[in-house]
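These are the residues of each chain, in order.
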Amino acid sequence: MHDYFDHVHLADHQRINHFRNYYELTRKDLLIKNLKRMKKNLERENKLLEASMYNFFPPTYALPAEYGLFVEEFKKNPGVWIMKPVGKAQGKGIFLFTKLSQISEWKKDHRWKTESQQVENYIVQKYIDNPYLVGGKKFDLRIYVLVLSYAPLKAYLYRSGFARFTNARFTMKKEDIINNFVHLTNFSIQKHAPTYDSKNGTKWPLLNLKLHMITKHGEKAVHDLFHQIQELITRSLLSVQNVIIQDKHCFELYGYDILIDELLKPWLLEVNASPSLAADTPSDYTLKYGMLEDLLTVVDMERHLTTHSSLKQVGGFDLLVEQGKVDSKGRPSQPLLGCFNDRVEQLRKLRKVVATLGKPLQLLHYKGFLDRFEGGIYIYSAYCTTTFWTTDHVCETPIY
C-alpha cells in the first residue's frame, strides 16, 4: 500500500478501496492496542462512563511481546484461552488451549527480539465460553461497514448481513476443545465438515436471526443488543481515527465479526480489511452483489449526489456516524441493522430526487465482479473502468 501511494498520483475522479495504514484497525494486535489506548485516554481525561463502554473485547495479550503479562493473568484466570495469528484470515492458525505447556514455543524465550524473530506473532484471548446458541450451535455475525472518511469520521452501515454457524453442536467438553467444527465459525473451515450441506450452506440472513431472537426475548432486548452492536462499531472506528492517515481518494469496506453471548452482550472478534466476496448460495450472492452496487453508489465517483452528501440512506447503506453534523432526532428507537433491506425501492426514490436536479443517476452494474475481483487493491475511475493491481502486473478491465 505504501508503495502505491508513494509512487502513484491519483486524479480527482479516482478512488482506492483502502486507506494507507488500514491495518491499524484490521490487524488483530493493532486493533487491541488501539482499543486499549483509547480506553486509557478516556480514563485519563476522567471520562469514566465512556471509558467503561470499551468493554466489548476479552482480556487480550500480544505474543511473544506480552508473554509475561499473559502468564500472570492466566494464573489468576485459568480456563480456556484462544490463540490467533495476527496476520492470517479464514481461521488459519487458530487453536484453543487450557495449559501453558500447550504454547511452549513462547515459554522457551518470551523476550522479543526484533533482529531475530523466533516465532510468529499471535494474540491470546480469554475464550468466550458462553456464546448465544441457535439450535445448539455457535455462530458469529458478519456485518459490513463502509468508511468514506476518518477526518471527519463518516461511515455507513449495511443493514443486511448474515450469521455464520458451525456444523457441530457447541460443547465445552475437554475432548472437544481441539475440534474446530465446534468452536470456529469460519466458512473456510466449516465447509470441510463431514456434515456440511452445500445446498443450504452455514449462513443465516441477519434479518431472520433478528426475528428469531425477538420471538424469544422481545423487541426491547433485541433492539438494545443491535444498538450496542452499532455503538461498538462506532467506538472501534473512533479508536483509530487519530492514527489512520486520511486521504480524500480513499474509502474502505470492512467486514466486522461479532459474537453474541448468552447474556445478549456483543463481543468484537476482529475486523477484516478485505471481507470475502465469494458466494456459496444464491442468497449470499444476492446480498454481496447488491452491497457492492450500493457501495459504488455511495462512493459516488460521478458526483451525482454532491448536493445530498449527508443522505441518511443510500440503497442498503444507512448513515452510522458523521462528525460535525447535529442530529436533532437523536437515536432511533429501532436500530436499522438487521431490518428489511428496501434497497431497490430506496434507489428508485433517490433516482427521482437526483433527476429533478438534471443529473440522471445511473446505477453501476458489474457482471462477474464477485468472481474476478476477490481481494486486492483497486483504483476505481469515474469512467467505469477498474485498474487491478497485483505484485507483477497492472491491467485495466471495464465494468460491464
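Scoring rules and cut-offs
Residues numbered from 1 in each chain as written. Predicted model: local features only at pLDDT ≥ 70, side-chain atom pairs only at ≥ 80, totals over all residues. Heavy atoms only, no water. UniProt positions renumbered as here; feature names shortened; annotations may be inferred. Helix = DSSP H or I, 4+ residues; strand = E, 2+ residues; numbered from the N terminus. Buried < 20%, exposed > 50% of the residue type's maximum accessible area, 1.4 Å probe, protein only. Arc of directions from axis to C-beta. Contact = heavy atoms within 4.5 Å. Expected span 1.5 Å × (residues − 1). Core = buried A, V, L, I, M, F, W, Y, C linked by side-chain atoms within 4.5 Å. Phe/Tyr/Trp six-rings, centres within 6.5 Å; stacked < 30°, edge-to-face > 60°. Axes fitted to C-alpha atoms, helices over the stretch in contact; angles between N-to-C directions. Parallel < 35°, antiparallel > 145°, perpendicular 65-115°, else oblique. Nonpolar A, V, L, I, M, F, W, Y, C, P; charged D, E, K, R; others polar.

1. Examining the UniProt feature "coiled-coil region" (unreviewed entry) in the protein
Within this numbering scheme, the UniProt entry marks residues 25–52 as carrying the feature "coiled-coil region" (unreviewed entry). Here residues 25–52 is 86% helix and 0% strand, with 20 Å between the C-alpha atoms at its ends.

2. Notes on helix H5 (residues 67–76)
Along H5, the residues that are buried comprise Tyr67, Phe70, Val71, Glu73 and Phe74. Seen end-on, H5 carries its buried residues on one side only, within an arc spanning 165 degrees. Those residues of H5 that are exposed and aimed more than 90 degrees away from the buried face are Glu72, Lys75 and Lys76.

3. Here's the deal with the side chain of Gln313
With respect to the secondary-structure elements, Gln313 resides in strand E13 (residues 313–314). Classification of Gln313 as buried rests on a relative accessible area of 16%. When neighbours within four sequence positions are excluded, Gln313 is seen to be in contact with Arg159, Asp318, Asp342 and Gln346.

4. Notes on helix H3 (residues 28–44)
Look at H3: 25 Å from first C-alpha to last across 17 residues, which is about the 24 Å you get at 1.5 Å a residue. Looking at H3, one finds that the buried residues are Lys28, Asp29, Leu30, Leu31, Ile32, Asn34, Leu35 and Leu42. Backbone geometry just after H3 places Asn46 at a positive phi near 65 degrees.

5. What to know about the environment of Phe97
Mapped onto the elements of the fold, Phe97 is located in strand E4 (residues 95–97). Classification of Phe97 by relative accessible area gives buried; the value is 0%. If sequence neighbours within four positions are ignored, Phe97 has contacts with Phe70, Phe74, Gly79, Val80, Trp81, Ile82, Met83, Gln102, Ile103 and Val124.

6. Quick notes on the nonpolar core
Leu141, Tyr150, Ile233, Leu237 and Tyr256 are the most contacted members of the largest nonpolar core, which has 48 residues in total. Element by element, the count of residues in this core is highest for helix H10 (residues 219–240), at eight residues. With sequence-adjacent residues up to four places away left out, Leu141 is seen in contact with Phe162, Ala163, Leu206, Leu209, Ile229, Tyr256, Asp257, Ile258 and Ile260.

7. A closer look at the packing of aromatic side chains
Within the structure shown, the criterion is met by 19 aromatic pairs. A centroid spacing of 5.2 Å and a plane angle of 75 degrees characterise the contact between Phe70 and Trp81, whose relative ring orientation is edge-to-face. With Phe70 in helix H5 and Trp81 in strand E3 (residues 81–85), the pair connects residues that are eleven residues apart, well separated along the chain. In this structure, Phe70 and Trp81 share a single accessibility class: buried. Measuring from centroid to centroid gives 5.7 Å for Tyr285 and Tyr289, while their planes differ by 25 degrees, and the two rings are stacked. Taken as a pair, Tyr285 and Tyr289 lie in helix H11 (residues 282–299) at a separation of four residues, close to a single helical turn. For Tyr285, a relative accessible area of 34% corresponds to the partly exposed category. Here the aromatic residues Tyr61, Tyr67, Phe70, Phe74, Trp81, Phe95, Phe97 and Tyr122 are joined through ring pairs into a cluster of three or more.

8. Section: the packing of H3 against H10
Helix-helix packing is characterised by the crossing angle of the two axes and by the distance between the axes. Taken N-terminus to C-terminus, the directions of H3 and H10 make an angle of 90 degrees; their axes are 9 Å apart at the nearest point. As the angle between them shows, H3 and H10 are arranged roughly perpendicular. Together, Asn34, Leu35, Arg37 and Met38 of H3 and Ser236, Leu238, Ser239 and Val240 of H10 make up the contact between the two elements. Taken together, the residues of the contact of H3 with H10 sort by class into four nonpolar, three polar and one charged.

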